[in-house]
Amino acid sequence: MRQSKKEREVFEMEKTMYLVTGAAGFLGSHVCDELLSRGDRVRALVLPGDKSVKYIPDEVEIVEGNLCDMASLENFFTVPKGSASVVIHCASMVTTNAEFNQKLVDVNVGGTRNMIEQCLKHPECKKMVYVSSTGAIPEQSKGTPIRETKRFTPIDEERQVGCYSQTKAMATQAVLDACREKGLKACVVHPSGILGPKDYAIGETTGTVIKIMNGKMPVGMGGSFNLCDVRDLAYGCVAAADKGRIGECYILGNKEVTLKEMCRMLHAASGCRTPYFYVPIGMAYKLAAQMEKKSKKTGEKPLMTNFAVYNLARNNEFDYSKAEKELGYHTRPYEETLKDEAEWLMAEGYIRCGMTEQ
């Protein structure tokens, strides 16, 4: 009996295994959730002895390996005979320190090159989605929306600021070069900042939300963020695996939001305190310089850094219409995301201070 198109699609889906790196991380764990909600088979790569493996959904198959060790990736890429695989490469090393870091280069660039070689080595691997960053895209002047590009090197240190962004740019270029020169079937997504519940590692943005909710940020700054709900980003990554065109890049962004607006929405969602006032960016840079100078003497982490101020001062306007049109990517309101995150943080015990009306 002849199969219908829908039956063939279901059959092909059942034979495909999704290989997710960084699955124990904030975005990667939500990518696993998104895939599992569709009934897909999912395998995760984790570092040997990684305690954060407990945050990966139980239905996911766990394989140990290291991005920097090519041989250790073989088991991750080997799927049952007759199956196909699709890779979603979320793993990367993240830092808020703008200085050069060789480990960052080894993991983000070298590790991605190893993933490319494994994809090319395994013909059953039908596609790779590389999760880059909007920071990899050369920044435009204020007032000019930042759009996708296909040229990431040579690095312009004034427009791709910080070692993390520079390594993501180099890795992105490696993926696009492999598509053009070696026949790699891959596309790239560029998430902006990540916001939302279940950030067990407590990244920089989640840490800021905790400080605000606990009343530990009496003074805020001007400037803006571009933040996306982690669940929407996970949807975008999976949609790129389904629909993303080979050799293409897709920005997964949102509307800009100021720190003041974010604090007001958090207050509305939870009743938490908000900063008493917000200093202009120029003054924030001066305060950051003083704090960094003091931290060198005391060894304590500064409350404000030059790089943190830059990330609020920079152009954070991204055009994500291409992802909306081609991938069906969408974003939910900031109010919904912040409400869900606030409830999760309170339920997990991260919020220690009582909520105070202002």
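Starting from 1, residues in each chain are numbered consecutively following that chain's sequence as written. The model is predicted, so local features are restricted to residues of pLDDT at least 70 and side-chain atom pairs to those at 80 or more, both for listing and for counting; the totals for chains, interfaces and linings are taken over all residues. Side-chain numbers here rest on the full set of heavy atoms in the structure, without hydrogens or water.

Going by an unreviewed UniProt entry, the chain carries the name NAD-dependent epimerase/dehydratase domain-containing protein and comes from Marvinbryantia formatexigens DSM 14469.

Engineer: Explain the sheet that holds strand β7 (residues 193-195) to me, and be specific about the residues and the numbers.
Structural biologist: Across the sheet, which stays open at both edges, the 3 strands sit in the order β7-β9-β11 with mixed pairing between neighbours. Two strands in the sheet have a free side with no partner beyond their single neighbour: β7 and β11 (256-258). Direction aside, neighbouring strands of the sheet carry axes that sit 60° apart on average. Bridge analysis of strand β9 (residues 224-229) against β11 gives 3 bridges, and the strand direction is antiparallel. Counted as the bridge partner of N226 is E256 from β11. Between any two strands, pairing holds if DSSP finds at least two bridges. Secondary structure elements follow DSSP: runs of H or I no shorter than four residues count as helices, runs of E no shorter than two count as strands, and numbering proceeds from the N terminus. Helix axes use the C-alpha atoms of the stretch in contact, all axes being lines fitted to C-alpha atoms, and the angles between their N-to-C directions lie in the range 0 to 180 degrees.

Engineer: Describe the pattern of salt bridges, listing the residues and the values that go with them.
Structural biologist: Each salt bridge in this description consists of a side-chain nitrogen of Lys or Arg and a carboxyl oxygen of Asp or Glu lying within 4 Å of one another. Enumeration over the complete set of coordinates arrives at 19 salt bridges. A salt bridge links E248 to K150; the shortest N-O distance between them is 2.8 Å. Of this pair, E248 sits in the loop between α7 (230-243) and β10 (249-252) while K150 sits in the loop between β5 (125-131) and α5 (163-182); the two residues are 98 residues apart in sequence, bridging distant segments of the chain. In this structure, E181 engages R180 in a salt bridge whose closest nitrogen and oxygen atoms are separated by 3.3 Å. Buried means the residue's accessible area, taken with a 1.4 Å probe over protein chains only, is under 20% of the maximum for its type, while exposed means over 50%, and partly exposed covers the values in between. Its relative accessible area of 56% is what places E181 among the exposed residues. Taken together, the shared-partner salt bridges in this structure form one network comprising D229, R231, D232, R332, E336 and D340.

Engineer: Describe the UniProt feature "domain: NAD-dependent epimerase/dehydratase" (unreviewed entry) in the chain, naming the residues involved and giving the relevant values.
Structural biologist: UniProt positions are given in the numbering used here, feature names are shortened, and annotations may be inferred rather than shown by experiment. Following the UniProt record, the feature "domain: NAD-dependent epimerase/dehydratase" (unreviewed entry) maps to residues 19-253 here. Overall, residues 19-253 shows 34% helix and 20% strand. The separation of its end C-alpha atoms is 24 Å.

Engineer: Please give an account of unusual backbone geometry that cites residues and values.
Structural biologist: Put simply, T153 and P154 share a cis peptide bond, and its omega is 5°. Here P154 is to be found in the loop between β5 and α5. At I202, a position not held by glycine, the phi torsion is positive, near 55°. Taking the relative accessible area as the measure of exposure, I202 reaches 29% and is therefore partly exposed.

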